[in-house]
Amino acid sequence: LTMTPYRLFAVALMLALASACASDSSTDPCDPDLDLSEEERYRCERDPDSEEIALATAIAHRYMEEHPPETELFDWTSGVLMFALTELYRVTEDPKLRDYYKAYLDHHIDLGYDMFWSDSCPPALTALALLREGEDDPAYRKVVDDVLDYLETVPRTDEGGIWHNGPTAGVAAPGIWLDSLFMFGMVLNREGDEFENDDALTLMEEQLGVFKSVLQSDQGLMVHADDWILDFDTDIYWARGNGWVVASLAEYLRVRQARGETDESALDMFDRIVAGALATQDESGMWWTVTNRPAEGDNYLETSAPALFAYGLARGYRYGPLGETERDAAKRAMAGVQDRIVLDDQERPIVTRISGGTEPGTFEFYVGIEEIDDLNYGVGAVILGLIETSGL
């Protein structure tokens, strides 16, 4: 059953009112003059009692009820979801969220894990969140350090870019993928921020420069990769991949600004990719999975990409270079995303029409990727978009 706008509003409003009754957050207005901690201000600015946070919480709860944490993998798919849950916990302080992502990471620490490509890095974001929350467990610090050690030793392209596929598979398929700027990039962003790790931010700055010079087009959007062993079109722009970059760049620039620093090259890169994104946004608020060939062939409007664009655009509006035009684009994107949310037989919201895992390819390959409901990384992207557009 598809949620109508009224149904969506009604469900979210009921949850928001329940949340308001359970806490006194509404009595703490987000006044710039108030002496709030960083976490208190983060929570306040995103309005825990908003419809967006209520919906994000309902989506998270349904997903957690259907998918035990031990079934989630130590990879990018689950790592993106867990990152979203850690961010939602910062707003709601809902213990069910924390119990879930902590159980996930504890399970994989006990089981053992490998760092063998860029997509192995995102679970470290959960470790960083637990460390920020005060968990004094060396095993969590080791997860982060394992990512940093991996990034120091992984082979590079001639331009200095970190191989996406790592030292094993990368021998057969070397090169950079724009996905990496989120997968390892968000870990570098948060490590640099939370632990004032200058080396992490320097590495991110270096990689942004490489990716910009190799992958960014004159239109601002970025091609998926610089090289690939299969047929690969270099004149098309994959929406979710560009969404990964907008999200991570917005966070990197926020961290630099918080430190009183600037990175003019990264800011130029961000401005250009945002311009390219806005130029290809559909009137529905969504993006076609191949952004620059709308409605052509089997091309389709996809769910996770607009959520990532919305997260990055809204974050850029909150913390710096972007203005009301970009904020409004983010809100239109999430309105389109909410039209993709349906109710199950228990009246719980499900995120639908998320494109499956995607490697570099031809136009026909991208538009042939199956759309799947309830994929963990798509659920995580939508939660991130709802969080960051709440309170705006």
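Here, the structure is the one placed above.
Presented here is an overview of the structure given in this document. (Residues numbered from 1 in each chain as written. Predicted model: local features only at pLDDT ≥ 70, side-chain atom pairs only at ≥ 80, totals over all residues. Heavy atoms only, no water.)

## So, the overall build of the protein
A tally of helices and strands in the protein yields 17 helices and 6 strands. The C-alpha radius of gyration of the protein comes to 20 Å, within 12% of the 21 Å expected for a compact globule of 392 residues. Here the C-alpha coordinates of the protein stretch approximately 60 × 50 × 40 Å along the principal axes. Among the 392 residues that make up the protein, the fraction classed as buried is 60%. A separation of at least 24 residues holds for 71% of the contacts in the protein among residues at least 6 apart in sequence. Total accessible area on the protein stands at roughly 15300 Å², and carbon and sulfur atoms take up 49% of it. For the protein, the separation between the mean place of its 29 positive charges and that of its 76 negative charges on side chains is 4 Å. (Helix = DSSP H or I, 4+ residues; strand = E, 2+ residues; numbered from the N terminus. Rg over C-alpha atoms; globule rule 2.2 N^0.38 Å. Buried < 20%, exposed > 50% of the residue type's maximum accessible area, 1.4 Å probe, protein only. Contact = heavy atoms within 4.5 Å. Areas by Shrake-Rupley, 256 points an atom, 1.4 Å probe, with all protein chains shown as cover. Lys, Arg positive; Asp, Glu negative; His and termini not counted. Charge placed at Lys NZ, Arg CZ, Asp CG, Glu CD.)

## Points about the packing of helix α5 (residues 95-111) against helix α7 (residues 138-153)
The geometry of a pair of packed helices is captured by two quantities: the angle between their axes and the separation between those axes. α7 packs onto α5 with a crossing angle of 80 degrees between their chain directions and a minimal axis gap of 11 Å. Looking at the two axes, α5 sits roughly perpendicular to α7. In this structure, α5 uses Lys 102, Leu 105, Asp 106 and Ile 109 to contact α7, whose residues at the interface are Ala 139, Tyr 140 and Val 143. Across the contact of α5 with α7, the residue classes break down as 5 nonpolar, no polar and 2 charged. (Axes fitted to C-alpha atoms, helices over the stretch in contact; angles between N-to-C directions. Parallel < 35°, antiparallel > 145°, perpendicular 65-115°, else oblique. Nonpolar A, V, L, I, M, F, W, Y, C, P; charged D, E, K, R; others polar.)

## Topic: the nonpolar core
Ile 59, Leu 85, Phe 270, Ile 273 and Ile 383 are the most contacted members of the largest nonpolar core, which has 120 residues in total. Aside from chain neighbours lying at most four places away, what touches Ile 383 is Ala 56, Ile 59, Ala 60, Ala 84, Leu 85 and Leu 88. (Core = buried A, V, L, I, M, F, W, Y, C linked by side-chain atoms within 4.5 Å.)

## Things to note about the environment of Asp 263
Among the secondary structure elements, Asp 263 is positioned in the loop between α12 (239-258) and α13 (264-280). Sequence spacing of Asp 263 and Tyr 252 is 11 residues, and the spatial spacing of their C-alpha atoms is 9.4 Å. At a separation of 3.3 Å, a polar atom in the side chain of Asp 263 contacts the main-chain amide nitrogen of Ser 265. (Polar contact = N/O pair within 3.5 Å; in protein donor to acceptor, adjacent residues only side chain to side chain.)

## Section: the side chain of His 61
Tracing the sequence through the fold places His 61 in helix α3 (residues 51-66). A polar contact of 2.6 Å, which involves the side chain of His 61, links it to the side chain of Asp 94.

## Quick look at the packing of helix α6 (residues 123-132) against α7
Relative orientation of the contacting elements α6 and α7 amounts to 140 degrees, with a least axis distance of 8 Å. Classified by the interaxial angle, the pair formed by α6 and α7 is oblique. In terms of crossing hand, the pair formed by α6 and α7 is left-handed. Within the contact between the two elements, α6 uses Ala 124, Ala 127, Leu 128, Leu 130 and Leu 131 and α7 uses Tyr 140, Arg 141, Val 143, Val 144 and Val 147. Of the residues in the contact of α6 with α7, the class split is 9 nonpolar, no polar and 1 charged. (Left-handed = near helix turned anticlockwise from the far one by under 90°.)

## Quick look at helix α14 (residues 304-319)
With 16 residues, α14 should cover 22 Å at 1.5 Å per step; its first-to-last C-alpha distance of 23 Å lies within 8% of that length. In terms of burial, α14 is a largely internal element, 14 of the 16 residues being buried. (Expected span 1.5 Å × (residues − 1).)

## Quick notes on the packing of aromatic side chains
Considering all chains together, one arrives at 11 aromatic pairs under this definition. Both rings, one in Phe 83 and one in Phe 182, keep their centres 6.4 Å apart while their planes meet at 75 degrees; by these two values the pair is edge-to-face. With Phe 83 in helix α4 (residues 76-92) and Phe 182 in helix α9 (residues 180-183), this residue pair connects regions lying 99 residues apart in the sequence. Just as Phe 83 is buried, Phe 182 falls in that class too. Both rings, one in Tyr 89 and one in Tyr 101, keep their centres 6.3 Å apart while their planes meet at 80 degrees; by these two values the pair is edge-to-face. (Phe/Tyr/Trp six-rings, centres within 6.5 Å; stacked < 30°, edge-to-face > 60°.)

## Details of the pattern of salt bridges
Tallied over the entire structure, the rule returns 35 salt bridges. Close ionic contact of Lys 212 with Asp 268 constitutes a salt bridge, the shortest N to O distance being 3.0 Å. Here Lys 212, found in helix α11 (residues 198-215), pairs with Asp 268, found in helix α13; they are 56 residues apart in sequence, far enough to count as distant. The class of Lys 212 is buried, set by a relative accessible area of 17%. Notably, a salt bridge pairs Glu 261 with Arg 259, separated by 3.0 Å at the nearest N-O pair. Taking relative accessible area as the criterion, Glu 261 reaches 29% and is therefore assigned partly exposed. (Salt bridge = Lys/Arg side-chain N within 4 Å of Asp/Glu carboxyl O.)

## Some remarks on unusual backbone geometry
Positive phi is not limited to glycine here, since Asp 47 has a value of about 55 degrees. As for its position among the elements, Asp 47 is in the loop between α2 (38-45) and α3. Phi angles above zero are rare outside glycine, and Arg 353 is one such case at about 60 degrees. If you trace the backbone, Arg 353 turns up in the loop between β4 (349-351) and β5 (354-355). Since its relative accessible area comes to 34%, Arg 353 is described here as partly exposed.

## Description of the side chain of Arg 43
Structurally, the position occupied by Arg 43 is in helix α2. From its side chain, Arg 43 meets the backbone oxygen of Val 91 in a polar contact 2.6 Å long.

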